[in-house]
Amino acid sequence: LDGTKITEFLTELQALAELPEIPLAGDLSLYGLDDPQKYITLDSEAIEGSIYIGDQREDGTWYLMLENADHLHIIPDAFVQLLSRSVYDMAILPALPAFTAENLLSVEVVSGDARAVMTQTEGQWDSDNAQVASRAAEVVNSLGALQLSKCFDFLPSQQAVSFAGFSAPTAAITVNYLNSVNVEASFTLTLGALRSAEEGYYATINDDSTIYLIPSSQVSPLLVLLIYAK
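Note that the structure is a prediction, hence the values are computed from the model and not measured. (Residues numbered from 1 in each chain as written. Predicted model: local features only at pLDDT ≥ 70, side-chain atom pairs only at ≥ 80, totals over all residues. Heavy atoms only, no water.)

> How do you make sense of the side chain of Ser106 when you look at a structure like this?
By the element assignment, Ser106 lies in strand β6 (residues 104-111). Within the local environment of Ser106, its side chain forms a polar contact with the side chain of Asn176, the two groups lying 3.0 Å apart. When residues no more than four places from it in sequence are discounted, the contact partners of Ser106 are Met118, Thr119, Trp125, Thr174, Val175 and Asn176. (Helix = DSSP H or I, 4+ residues; strand = E, 2+ residues; numbered from the N terminus. Polar contact = N/O pair within 3.5 Å; in protein donor to acceptor, adjacent residues only side chain to side chain. Contact = heavy atoms within 4.5 Å.)

> Explain the environment of Ile214 to me, please; I cannot follow it from the model alone.
Relative to the helices and strands, Ile214 resides in strand β13 (residues 211-214). For Ile214, a relative accessible area of 0% gives the class buried. Through-space distance from the C-alpha of Ile214 to that of Tyr201 is 5.5 Å; in sequence the pair is 13 residues apart. Those residues within four positions of Ile214 in sequence are excluded, and the remaining contacts are Leu146, Gln147, Leu148, Ser149, Leu189, Leu191, Glu199, Gly200, Tyr201, Ala203 and Val219. (Buried < 20%, exposed > 50% of the residue type's maximum accessible area, 1.4 Å probe, protein only.)

> Would you mind showing me how to read the pairing of strand β5 (residues 71-75) here?
Consecutive side chains of a regular strand alternate in pointing toward one face of the sheet and then the other. Most of β5 sits inside the fold, with 5 of its 5 residues counted as buried. Here β5 shows no split at all, with His71, His73 and Ile75 on one side and Leu72 and Ile74 on the other all buried. Across 2 bridges, the pairing between strand β1 (residues 22-23) and β5 is antiparallel. Of the residues in β5, the one forming a bridge with Ile22 is Leu72. Relative to β5, strand β4 (residues 62-66) runs antiparallel, the two being bridged by 3 bridges. Paired with Trp62 across the two strands is Ile75, which belongs to β5. Between β4 and β5, which follow one another and run antiparallel, lie 4 residues, and Asn68 among them has a positive phi close to 65°. (Pairing = 2+ DSSP bridges.)

> Any chance you could explain the packing of aromatic side chains here in plain terms?
This structure, assessed with the given rule, holds 7 aromatic pairs. Plain terms: the ring middles of Phe152 and Tyr202 are 4.9 Å apart, the flat faces sit at 65° to each other, and that makes the pair edge-to-face. Remark: Tyr202 occurs in strand β12 (residues 200-205) and Phe152 occurs in strand β9 (residues 150-153); sequence separation between them is 50 residues. For Phe152, a relative accessible area of 21% translates into the label partly exposed. Three or more aromatic residues joined by ring pairs form one cluster here, namely Phe99, Tyr177 and Phe187. (Phe/Tyr/Trp six-rings, centres within 6.5 Å; stacked < 30°, edge-to-face > 60°.)

Take a look at the structure:
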């Protein structure tokens, strides 16, 4: 996990101690605190117990109550949004290789029986299909911009793998390149199903089973090659 995001949450949590106390003016149901669905359970040397989040107010703030307290607090929506982040939202995303026109050797895009291959020799891109080779600039730019946007599932179950479309992947993109020490290396990006136009495709990298999301705009120039694939 990204420690800075955890620290951000803990800093906001600590600031709750400075909030003014508001006396209860009726039953807890008036504040959405009779059966709260959002809460924080703390177990530390400094404090132990739960903090409950009630209803959202018209101005966007929320009701908050400490366990066994006889008063309320009003908290900003920004804190509740931090509370609502999942561990996947806080995950550190792996850095992908830095692909450039100078270090790329070949690109292969495979989907079912369709396969498109481009190879570079001394700055010249070649393919057995001229229309594929003509798209070299778009492919190089796309590879240079590749960046995972979110972790979707760490150590996914077989059900999750199937749900994400990896039983019949959209495509497997394999890139051969020279790494930072000028040694030939290989990188594979496997695309599952399209989650949505906004969130992009489910994706895995190399042999890592973790499922990520990657914007569809970043991989569409690579998928276009399949139109001309043999």
